[in-house]
Amino acid sequence: MDTSSMSGSLDRAAPTEILLAAVARFVRGEIDFDEVLAALHAAPLLVERTSAESHQVLSVRYQGMPWLPAFATVEHLAAWKQLCGQGSRPVHTGELTGHQLLHECLPQLEPGTGV
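Residues numbered from 1 in each chain as written. Predicted model: local features only at pLDDT ≥ 70, side-chain atom pairs only at ≥ 80, totals over all residues. Heavy atoms only, no water.

K.L.:
Is there a simple way to think about the packing of aromatic side chains in this case?
P.N.:
One pair of aromatic rings is described through two measures. These are the centre distance and the angle between the planes. Per the stated rule, a full pass over the model turns up 2 aromatic pairs. Geometrically, the ring pair formed by Phe 26 and Phe 33 is edge-to-face, given 5.6 Å between the ring centres and 70 degrees between the ring planes. Classification of Phe 26 by relative accessible area gives partly exposed; the value is 37%. On the basis of relative accessible area, Phe 33 is assigned to the partly exposed category, the value being 44%. Ring geometry for Phe 71 versus Trp 80: centroids 5.4 Å apart, planes at 40 degrees, classification tilted. (Phe/Tyr/Trp six-rings, centres within 6.5 Å; stacked < 30°, edge-to-face > 60°. Buried < 20%, exposed > 50% of the residue type's maximum accessible area, 1.4 Å probe, protein only.)

K.L.:
Explain the pattern of salt bridges here, please?
P.N.:
Between side chains of opposite charge, a pair can form when the charged atoms approach closely. Counted by the stated rule, this structure contains 4 salt bridges. Note that Glu 48 and Lys 81 form a salt bridge whose closest N and O atoms lie 3.0 Å from each other. Note that Glu 48 is positioned in strand E1 (residues 44-48) and Lys 81 in helix H3 (residues 74-83), a separation of 33 residues in sequence. Lys 81 matches Glu 48 in its accessibility class, with the two residues each being buried. Among the charged side chains, a network of salt bridges with common partners joins Arg 25, Arg 28 and Glu 30. (Salt bridge = Lys/Arg side-chain N within 4 Å of Asp/Glu carboxyl O. Helix = DSSP H or I, 4+ residues; strand = E, 2+ residues; numbered from the N terminus.)

K.L.:
I keep staring at helix H2 (residues 33-42) and nothing clicks. Help me out?
P.N.:
Every α-helix carries 3.6 residues per turn, so stepping three or four residues along brings you back to the same face. Among the residues of H2, those classed as buried are Val 36, Ala 39 and Leu 40. The buried residues of H2 occupy an angular sector of 105 degrees when the element is viewed end-on, so they sit on one face. Looking at H2, the residues exposed on the side facing more than 90 degrees away from the buried face are Asp 34, Ala 38 and Ala 42. (Arc of directions from axis to C-beta.)

K.L.:
I would appreciate a short explanation of the sheet that holds E1 in the present structure.
P.N.:
Neighbouring strands of a sheet are bound in pairs by backbone hydrogen bonds; such pairs are parallel or else antiparallel. Within the open sheet, the 3 strands sit side by side as E4-E1-E5. Their pairing is antiparallel. Two strands close off the open sheet at either side, each with one partner strand: strand E4 (70-71) and strand E5 (93-97). (Pairing = 2+ DSSP bridges.)

K.L.:
What is the right way to read unusual backbone geometry from this model?
P.N.:
Generally, phi is negative for residues other than glycine and the peptide bonds are trans, each holding for most cases. Phi at Gln 63 takes a positive value of approximately 50 degrees, unusual for a residue other than glycine. Position of Gln 63 among the secondary structure elements: in the loop between strand E2 (60-62) and strand E3 (65-67).

K.L.:
What should I look at first to understand the packing of H2 against helix H4 (residues 98-105) in this one?
P.N.:
A packed helix pair is summarised by two numbers, namely the angle formed by the two axes and the spacing between the axes. Between H2 and H4, the least distance of the axes is 4 Å, while the angle of their chain directions is 95 degrees. By the angle between their directions, the pair H2 and H4 is classed as roughly perpendicular. Contact residues: Leu 37, Leu 40 and His 41 in H2; Gly 98, His 99, Leu 102 and His 103 in H4. In the contact of H2 with H4, the residues fall into 3 nonpolar, 4 polar and no charged. (Axes fitted to C-alpha atoms, helices over the stretch in contact; angles between N-to-C directions. Parallel < 35°, antiparallel > 145°, perpendicular 65-115°, else oblique. Contact = heavy atoms within 4.5 Å. Nonpolar A, V, L, I, M, F, W, Y, C, P; charged D, E, K, R; others polar.)

K.L.:
What is the right way to read the environment of Ala 39 from this model?
P.N.:
For Ala 39, the position within the fold is in helix H2. When sequence neighbours within four positions are dropped, the list of residues in contact with Ala 39 reads Ile 18, Leu 19 and Ala 22.

K.L.:
Would you mind going over the environment of Leu 109 with me for this structure?
P.N.:
Mapped onto the elements of the fold, Leu 109 is located in the segment after H4. On the basis of relative accessible area, Leu 109 is assigned to the partly exposed category, the value being 21%. Separated by 41 residues in sequence, Leu 109 and Leu 68 have C-alpha atoms that sit 8.6 Å apart. Setting aside residues up to four positions removed in sequence, Leu 109 forms contacts with Ser 59 and Leu 68.

Functional significance is not addressed by these values, which are geometric in nature.
Below, the structure is given as structure tokens:
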């Protein structure tokens, strides 16, 4: 996906907190997935770009499955990069709303790509 229209200053606080709370409530069995999806649509997410000059979102393969990594917080992105052994490498990020990620970016990727 061409992310040249990505917002560099999405208001992250409230939608991000709502998304993280919805995920926690879903894990505890308190809400259904539709509520998580609604929170995801409104939330700004960090995605990794393929380079500083590019507006292309990085997708990866893990155990043979394609993934589009997206993160609610910088801390989550940093933890993932550490787990991948890439904690010291520069990361070029952009922001998309969950709606953009699911309805504009994901359909352009290989069928079966996870988020």
